[in-house]
Amino acid sequence: MIRGRSLSPSWILLGGAVLLGLLDRPLGLGLVDPMRGVLVFALLGLGLNVVTGFTGLLHLGMAAFMAIGAYAFAIGTCDIYPFQLGFWPAMVLTVVVGAVAGFLLGAPTLGLRGDYLAIVTLGFGEIVQDVMKNMDAITKGTQGINPLPPPVLPGVGELGSEEGPWYWLFLGLLVLAVMACRNLERSRTGRAWLAVREDELAASCMGIAPIPAKMYAFATGAALAAMAGGLWASLYASTGEPGNYDFQVSILALCIVIVGGMGSIDGVLVGSLAMIGVANIALPKLAAWLQARGVVDPSNVLGSPNNWKYLVFGVVLMVMMRVRPEGLLPARLGRVGGGR
Amino acid sequence: MAPILEVDRVTMRFGGLVANEDVSFRVEPGQVYAVIGPNGAGKTTLFNAITGVYQPSAGEVRFEGSVIRKRVGPRLALRVLGTAVVSAIASSLAVNILSLWKAVVVANYAYGEPFAWGKALSCAGPVLREAGAAWTWLPALIGALVGGGAAFVLWLRRRRTPDVVQRAGIARTFQNIRLFGELSVLENVLVGMHARLRTGFLENLLRLPSFFGERHRSRDRAMELLRFVGLESRAPDAARNLPYGLQRRLEIARALASSPRLLLLDEPAAGMNPTETVALTGLIRQIRERGVTVLLIEHHMRVVMGVSDRICVLNFGKRIAEGTPEQIRSDPACIEAYLGKEELG
Amino acid sequence: MHAIAHLATLTPLAVAAALQAEPATAEAASGVLGQQIVTGLSNGMIIALIAIGYTMVYGIIELINFAHGDLCTLGAFFALMLVGALGMEAWSGVAGMAGVVLLLAGAAAFCALFNWSIDRVVYRPLRSAPKLTLLVSAIGCSFVLVNLALFWGGLPMEVFGGGVAAAAPKDFPAMVPDSSLLPDAWDSWVSAEAFLRSSPSWNDPSVWWLTWAPRVALAVLVKSRELNFTTSDLLVWCVTLPLMVALTGLVRCTRLGKAMRAVAQNPTAASLMGIDVDRVIGAAFLIGGALGGFASVIYALYNNTISFQMGYRTGMDAFTAAVLGGIGSMPGAVVGGLLIGVARAISDGYIEARWTNSVVFAILIATLVFRPSGLLGAKLRDKV
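Residues numbered from 1 in each chain as written. Chains lettered and ligands numbered in written order. Predicted model: local features only at pLDDT ≥ 70, side-chain atom pairs only at ≥ 80, totals over all residues. Heavy atoms only, no water.

(A) Quick look at the overall build of chain A. Broken down by element type, chain A carries 13 helices and 2 strands. A compact globule built from 340 residues would reach a C-alpha radius of gyration of about 20 Å, and chain A, at 20 Å, matches this within 12%. Structurally, chain A occupies a C-alpha span of about 65 × 45 × 45 Å along its principal axes. Looking at chain A as a whole, 61% of its 340 residues are labelled buried. For chain A, contacts bridging at least 24 residues in sequence account for 76% of all contacts bridging at least 6. When the accessible area of chain A is evaluated, it comes to approximately 12,000 Å², of which 64% is carbon and sulfur surface. Side-chain charges of chain A comprise 21 positive and 19 negative groups, with the mean position of each set lying 12 Å from the other. (Helix = DSSP H or I, 4+ residues; strand = E, 2+ residues; numbered from the N terminus. Rg over C-alpha atoms; globule rule 2.2 N^0.38 Å. Buried < 20%, exposed > 50% of the residue type's maximum accessible area, 1.4 Å probe, protein only. Contact = heavy atoms within 4.5 Å. Areas by Shrake-Rupley, 256 points an atom, 1.4 Å probe, with all protein chains shown as cover. Lys, Arg positive; Asp, Glu negative; His and termini not counted. Charge placed at Lys NZ, Arg CZ, Asp CG, Glu CD.)

(B) Quick look at helix H4 (residues 87–109) of chain A. Between its first and last C-alpha, H4 of chain A extends 33 Å over 23 residues, near the 33 Å set by a 1.5 Å rise per residue. Turning to H4 of chain A, its buried residues are Phe87, Ala90, Met91, Thr94, Gly98, Ala101, Gly102, Leu105, Gly106 and Thr109 of chain A. Contacts made by the buried residues of H4 of chain A are with helix H3 (62–77), helix H5 (114–134), strand S1 (152–153), helix H7 (163–185) and helix H10 (210–236) of chain A together with helix H14 (356–370) of chain C. (Expected span 1.5 Å × (residues − 1).)

(C) Here's a closer look at the pattern of salt bridges. For the structure on display, the rule yields 28 salt bridges over all chains. Between Arg344 of chain C and Asp317 of chain C there is a salt bridge, and its shortest N-O distance comes to 3.0 Å. One end of the pair, Arg344 of chain C, is in helix H13 (residues 330–351); the other, Asp317 of chain C, is in helix H12 (residues 310–325), with 27 residues separating them in the sequence. When sorted by exposure, Arg344 of chain C lands in the same class as Asp317 of chain C, which is buried. In this structure, Arg354 of chain C engages Glu352 of chain C in a salt bridge whose closest nitrogen and oxygen atoms are separated by 3.0 Å. Salt bridges linked by common partners bring Glu6, Asp8, Arg26, Glu60 and Arg62 of chain B together as one network. (Salt bridge = Lys/Arg side-chain N within 4 Å of Asp/Glu carboxyl O.)

(D) Examining the domain arrangement of chain B more closely. Domain assignment breaks chain B into domain 1 (1–69 + 164–169 + 299–345) and domain 2 (74–157). Averaged C-alpha coordinates put domain 1 of chain B and domain 2 of chain B at centres separated by 54 Å. (Domains from an automatic or database assignment.)

(E) Representation of helix H1 (residues 9–27) of chain A. Residues and elements named next belong to chain A. Most pronounced at Gly21, the bend in H1 amounts to some 30°. Turning to H1, its buried residues number three or more, namely Pro9, Ser10, Leu14, Ala17, Leu20, Gly21 and Asp24. Check the buried side of H1 and you find it contacts helix H2 (32–54), H7 and helix H12 (265–293). (Bend = angle between axes of the 7 residues up to and from the residue.)

See the structure below:
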């Protein structure tokens, strides 16, 4: 971080998250619980940001890698299987499986151009759901794999129903992921990605082999998404049903990246706060508030704020694209410390 | 002296359109060699054929005595074999995974009891044998053939891609500037250096010591190149914010960053004002003094006549003349086809 | 010569015999195959109709119009509302036919206008924006439409289930009877066969060229007795085929079609030539929307159930079809649609229905790996 003393929004946001973790209980905010979802989706968004934001490959099947991660983690830890790894070995396994899956999908398909690649990733997302659903001898089909044992952390012990330790664990992993993404972005690897995004032919004339570069981006993104999936499964002690990792989740990840600002790590953090914050925090709270007052009739379809979720998402996306297409916190120059 | 670049009877055809026909010339090391011709004469197409963007329909381009392309060797063998093995295992697994899982895991694991790995894994063999050739070996064979075949075909198709050519020592600029607009000026030069840098994915991810050493060296060299083209003070700016003339210079710096032995400049003076043009002529001379051979496409006769050692004239895709600037100046075919007397001044 | 003639006679005879004299199970299976192809083609035509909407818009402004599938959902809901409002469930005979026509026209008009307004309000202000901006708007738009369909399903009407359980699938009344058309036609063919068999030339090898064609035709028809070609199949074919022909004519022969092709090639040049680019794009949305409207009604009449999520699944198939055929190419969309329809049906019957989506996408991925621009798509080249 040669560039320097100026504090980037990422660190401000992560600092804010630390502060929230510290103050949540004394102030009785009750935000730590839903914030865990924000952190997991920020990880997923970071993964997609590597693929779509840095490398410019439209990816519509990120949820598939999340599912692969969740299932790898679950199979690795759950005691209905013989493997029964600890939390950390299973996490490593999850990340490796995710990267390999990304690699295997990317190898034959990364020669395709833009929209064709998008549909292939979309198809992959559907296939993975089907596989998880149909191979029930291994994946337990629609009931999902559960219960997963809680993570055991050195010095803390078993993570139970208390939210605090979970929050710190997720936040710590997110900080690591942010650092990894920044390191990559400001290196030879990341420059190759950005160059391929800006102009693939020119990049190739500069000696960058585009397909291997894209392959690394794909695998990195998949590994981060798998990590998000593993954490998600661990949080709910279950993979949930395969349908949970559907196209909507992939699109949610895309929204996070785009609302935040394509190719901007700061943006991913803001984007996940905005999108998941609205979906998981604001809407449920609004619903509870309205119902407590008896304002709305929950049997009417219009009465439940949850039914408005996609309308809100859709309108947010459309308005964003009209008003601020570069996102809330667009990527900034000076990745290599040009500012000095 | 052996030529650094030999264009040998290159023909480029697109469907029925013949963009280059039987074009030949040779560039000696240390020369500035210009290719000129009216618009649509096939100059840029020729550049694309040289740099691997297109493959010549006929003829070949030799660089330092040989055609640049990926060599048949252990890397290829490893790649084809590796893909074949991986896809063989993957296809066989895809067919047998459920029965394997049942035999190895489900049959040997009772809830809460220890799992005997050795015994469990030994159950895999019988399952595969029992499934027989049709279900075990046939998918593996098909997978190996398809995977290995695809890997080989893709390798064959990508034997002479632009990145292969660039790494062999030919760098280029573009007629319609193709900088990485959202990247800073410095980053653009660093991208040009890509093939000369070594740090891999893990080193960059974990910031191992080698990363810092190389970052330091590469940045110094990039700044030196920016100084050479006079862009030092603009290093942190976004490339797309540079004025047009400076963008052309940045393209040259970016191309030089890979330490090429041959530099291809595609109309470097297009859109430049007279002052900038004069400065560019000086820059091309300096590039030659650095020991880089230059192949130039240009419309500005002043630039061409001022710096070139030899000139090749194309018209309608064919070579109509070749020689020193003086010879070209007096060649009647050229004058008729392209130059026009008053332009020679 | 005689031997060859003999062989040539015997071959169709053998084929005909093989077709007629199979063991019961195989016969059933092959009958199922034929049935699957028929059903697959019908579904494929619906898919193709929607795929054309994708491909037209993509061909002109290079936008994957994600909202298109959900537009079709709204079309189906609109049709169901019409049914409810006019009490069409009770219409029968000529009135029922008129009702179907009314539904088709109504939904087509509704979808065309809706699609046109989406373009006017959402996409037109973004004409000069990067492709991705447009795509994200389309995704946003799709979300809004899904949500609108969800609300629409909560309408307090009898046909929507009285306004409770908005998200539940809705029954669409079977206005077109599901009766098979073939058995009636079959009887006349039996007498035709008897007539042929009684003629002396039937068993004379020297006039083989007179008999082999009817033989094969008869054998195929015997098979087709097991087929179930219903009125709703007929409806699908009668609506989609003329539409496709008309559309081809429109694009090939009219001024608007020429303008569309020009805009697709190069919008700037087209506008310099005096073509109103926005109007042409608007027309593409109008036409694509109308096709989507037709498709939504025949989908509803063919499957008799609709839900607010149907546009996602069908839209995905249609989009896959468009890409498989080569996005931007209209014949490609039709070919892709039919292929996907048949592949789905065959996979449903011979593999397992739960793997069908995977099979479809696996076909797509495999095709793209070997033909990166789809089956009929134009090969693109980088401009340097």
